[in-house]
2 protein chains.
Amino acid sequence: MQHRTETRERILEAAASVFADKGYHDALIDEIGRRTSMSKGGLYFHFPSKEHLFFAVMDRLANKLVQRAEKAATGGSTPLNAAEEALVSVLNELSTHKRLARLLVTQGYSMGSAFEAKRSEVFERFAAVIVDKLEKAKIAGEISDVDTDLASRVWLGSLNEVVVHWLFSNGTSPKDAAPELKRLLVASLRSPSGSASGGVPES
Amino acid sequence: MQHRTETRERILEAAASVFADKGYHDALIDEIGRRTSMSKGGLYFHFPSKEHLFFAVMDRLANKLVQRAEKAATGGSTPLNAAEEALVSVLNELSTHKRLARLLVTQGYSMGSAFEAKRSEVFERFAAVIVDKLEKAKIAGEISDVDTDLASRVWLGSLNEVVVHWLFSNGTSPKDAAPELKRLLVASLRSPSGSASGGVPES
DNA sequence: TAAAACCGACTGGCTGGTCGGTTTTATAAA
DNA sequence: TTTATAAAACCGACCAGCCAGTCGGTTTTA
């Protein structure tokens, strides 16, 4: 039987929850073992180190989220709308999975500099999705000639901050802020001096 | 002689640099001692714990930055312009003090949950400055009727992300991005359906 | 001469990772 | 089907390094 992948998945799941709860540094391998009903030795049979395990968790989550974002973008009526859909889908996903949000947005830093590269990589993947849509929106004349790279950082930074604020303040779900946030971000991209070439349906 | 404050300041300075370089967790008290030419015992005479020391460092930096931002805002020709000036001043300050940027923007998380409250507090102080100016700008008719609280988070989130990207990618100074960033952020606040009531000089 | 400031060897708790050994599974010969 | 056996998977007591914080003692200052 091919239990291999199955077991790895079980470990990844437990590790994600522990990392999300405690942060990288305060997460204990033994705790992950407890939640997996597996000994430390067993864990280390599947992953060579705590660091590898953490990265595997990050990759798994990032993949899921990026996939979801890309799929959501597919449903967009226009490139700009696709970008909006991608943004909102991520916001929704994080809203309903607080642990995941914690993990992705804050809990990695305690790892030290090694995390920076991974954080960068994950954000870059999201940024790439946004940039792609915005570039197309630019060509389609939906938005003005802005620096899409910078714009993507504005989008992600805003998203990040909204989520962080939610995590730390126990306020209302960031999902509620989505419409207004979308409005703000899109408004910043519209042609400054008059109308875009194509009338575009609102989402 | 009143060496007390002086010495405290020296320690704070050294601690800031060590925390910025290594992050909270990897920063060693002994290293701070080395850079202060003071023994561990001496350090502990002035600060009761590593955590207290870190918080003191954070407070000191936050105060400096907020003061600078508020002063910069004073020079604004209009409320909106004041908000822009505040934003740019912070961006400039962080651009020229990479260590300070690291410390404020990422290195605290490794402390664990205790840091969250402090991070929140510091960001909230900046947000308050922005919100204040934007509210006035709203009254002055410079901007449309947006959620200034959310807008402040968009501003700070964008600022944060631009800085983080700079820190992790060794790209060009975020100062260079300031004009375009300012344009994007301000554009998102203009009246959506036509012109604002007052013509406003560009900064 | 007392209080403040400083020293630095030492300790105690902690936890990632190891490793010799045990159990389970897959494969194959009997 | 049963037995043999090698490999894979798992176990958990133990080790080793790390470092914040302590404390009895010394030096400096008022």
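Figured I'd write up the structure that's included with this text. Within every chain, residues take consecutive numbers counted from 1 along the sequence as written. Throughout, the order in which chains and ligands are written sets their labels, letters from A for the former and numbers from 1 for the latter. Where local features are concerned, this predicted model is filtered to residues with pLDDT of at least 70; where side-chain atom pairs are given and counted, the filter is 80 or more; whole-chain, interface and lining totals use all residues. No hydrogens and no water enter the side-chain calculation; it runs on all heavy atoms of the structure.

**A word on the overall build of chain A**
Next up, step 1: Helix numbering and strand numbering both begin at the N terminus, where a helix is a DSSP run of H or I of at least 4 residues and a strand a DSSP run of E of at least 2. A tally of helices and strands in chain A yields 9 helices and 0 strands.
Next up, step 2: Helices and strands appear in chain A in the N-to-C order α-α-α-α-α-α-α-α-α.
Next up, step 3: Its C-alpha atoms give chain A principal-axis dimensions of about 65 × 40 × 30 Å.
Next up, step 4: Residues classed as buried in chain A amount to 57% of the 203 residues present.
Next up, step 5: Contacts between residues were defined by any pair of non-hydrogen atoms, one from each residue, lying within 4.5 Å. For chain A, contacts bridging at least 24 residues in sequence account for 72% of all contacts bridging at least 6.
Next up, step 6: Measuring between centres, the 26 positive side-chain charges of chain A sit 6 Å from its 26 negative side-chain charges. Only protein chains enter the accessibility calculation, which uses a 1.4 Å probe; a residue whose area is less than 20% of its type maximum is buried, one above 50% is exposed, and one in between is partly exposed. As used throughout, the charge tally considers Lys and Arg to be positive and Asp and Glu to be negative, leaving His and the chain termini uncounted. In plain terms, the charge of a residue is placed at NZ if it is Lys, CZ if Arg, CG if Asp and CD if Glu.

**Quick word on the nonpolar core**
Next up, step 1: Core analysis: the biggest nonpolar cluster contains 142 residues, and Phe19 of chain A together with Phe19 of chain B have the highest contact counts within it.
Next up, step 2: Excluding residues that lie within four positions of it along the chain, phenylalanine 19 of chain B makes contacts with Tyr24, Ala27, Ile32, Lys50, Leu53, Phe54, Val57, Leu103 and Gln107 of chain B. Put simply, a nonpolar core is a bunch of buried Ala, Val, Leu, Ile, Met, Phe, Trp, Tyr and Cys residues held in one set by side-chain atoms that sit within 4.5 Å of each other.

**A closer look at the relation of the copies chain A and chain B**
Next up, step 1: When the copies are superposed, the least-squares fit draws on C-alpha atoms of residues that have pLDDT of at least 70 in both. Here chain A sits on chain B after a turn of 180° about the axis and a move of 0.0 Å along it, with an RMSD of 0.0 Å. Such a combination of turn and shift is consistent with a two-fold rotation axis. Taking C-alpha positions as the reference, the residue of chain A nearest the rotation axis is serine 110 of chain A, at 1.7 Å.
Next up, step 2: A shared binding surface is used by both copies, with 100% of the interface residues of chain A retained as interface residues in chain B.

**Structural notes on the packing of aromatic side chains**
Next up, step 1: Pairing of aromatic side chains here covers Phe, Tyr and the six-membered ring of Trp, requires ring centres within 6.5 Å, and sorts the geometry by plane angle: under 30 degrees stacked, over 60 edge-to-face, intermediate tilted. Using the criterion set out here, one finds 13 aromatic pairs over all chains in the structure.
Next up, step 2: Measuring from centroid to centroid gives 4.9 Å for phenylalanine 19 of chain A and phenylalanine 54 of chain A, while their planes differ by 85°, and the two rings are edge-to-face. With phenylalanine 19 of chain A in helix H1 (residues 3–26) and phenylalanine 54 of chain A in helix H4 (residues 50–74), the pair connects residues that are 35 residues apart, well separated along the chain.
Next up, step 3: Judged by relative accessible area, phenylalanine 54 of chain A falls into the buried class, the value being 0%.
Next up, step 4: Ring geometry for phenylalanine 19 of chain B against tyrosine 24 of chain B: centres 5.7 Å apart, planes inclined by 10°, an arrangement best described as stacked.
Next up, step 5: Owing to a relative accessible area of 0%, phenylalanine 19 of chain B belongs among the buried residues under this scheme.
Next up, step 6: Since its relative accessible area comes to 11%, tyrosine 24 of chain B is described here as buried.
Next up, step 7: An aromatic cluster is built from Phe19, Tyr24, Phe54, Phe55, Tyr109 and Phe115 of chain A together with Phe19, Tyr24, Phe54, Phe55, Tyr109 and Phe115 of chain B, whose rings are joined through pairwise contacts.

**Considerations on the interface of chain A and chain B**
Next up, step 1: Residue-level contacts link 32 residues of chain A with 33 residues of chain B.
Next up, step 2: Each partner contributes to the roughly 3,000 Å² buried at the junction of chain A and chain B, and carbon and sulfur atoms together form 64% of this total.
Next up, step 3: Here, a salt bridge means any side-chain nitrogen of Lys or Arg that lies within 4 Å of a carboxyl oxygen of Asp or Glu. Along the contact surface separating chain A from chain B lie 4 salt bridges.
Next up, step 4: The shortest N-O distance in the salt bridge between glutamate 116 of chain B and arginine 102 of chain A comes to 2.9 Å.
Next up, step 5: Nitrogen and oxygen atoms within 3.5 Å of one another constitute a polar contact, given that in protein one can donate a hydrogen and the other can accept it, and given that sequence-neighbouring residues count only through two side-chain atoms. Applying the counting rule to chain A against chain B returns 9 residue pairs in polar contact (both at pLDDT 80 or more).
Next up, step 6: Here the side of chain A that touches chain B gets 12 residues from one element, more than from any other, and that element is helix H8 (residues 148–169) of chain A. Note on definitions: buried area is the accessible-area loss of two parts on being combined, 1.4 Å probe, summed for both.

**Looking at the pattern of salt bridges**
All names here are of chain A.
Next up, step 1: Evaluation of the coordinates by the stated rule reveals 36 salt bridges over all chains.
Next up, step 2: A salt bridge links glutamate 31 to arginine 34; the nearest nitrogen and oxygen atoms lie 2.5 Å apart. With a gap of 3 residues between them, glutamate 31 and arginine 34 both fall in helix H2 (residues 29–36), about one helical turn apart.
Next up, step 3: With relative accessibility at 17%, the residue glutamate 31 sits in the buried group.
Next up, step 4: Residue arginine 34 is classed as exposed on the basis of its relative accessible area, which comes to 55%.
Next up, step 5: Notably, a salt bridge pairs glutamate 31 with arginine 35, separated by 2.9 Å at the nearest N-O pair. Of the two residues, glutamate 31 and arginine 35 are both situated in helix H2; the distance of 4 residues between them amounts to about one turn of the helix.

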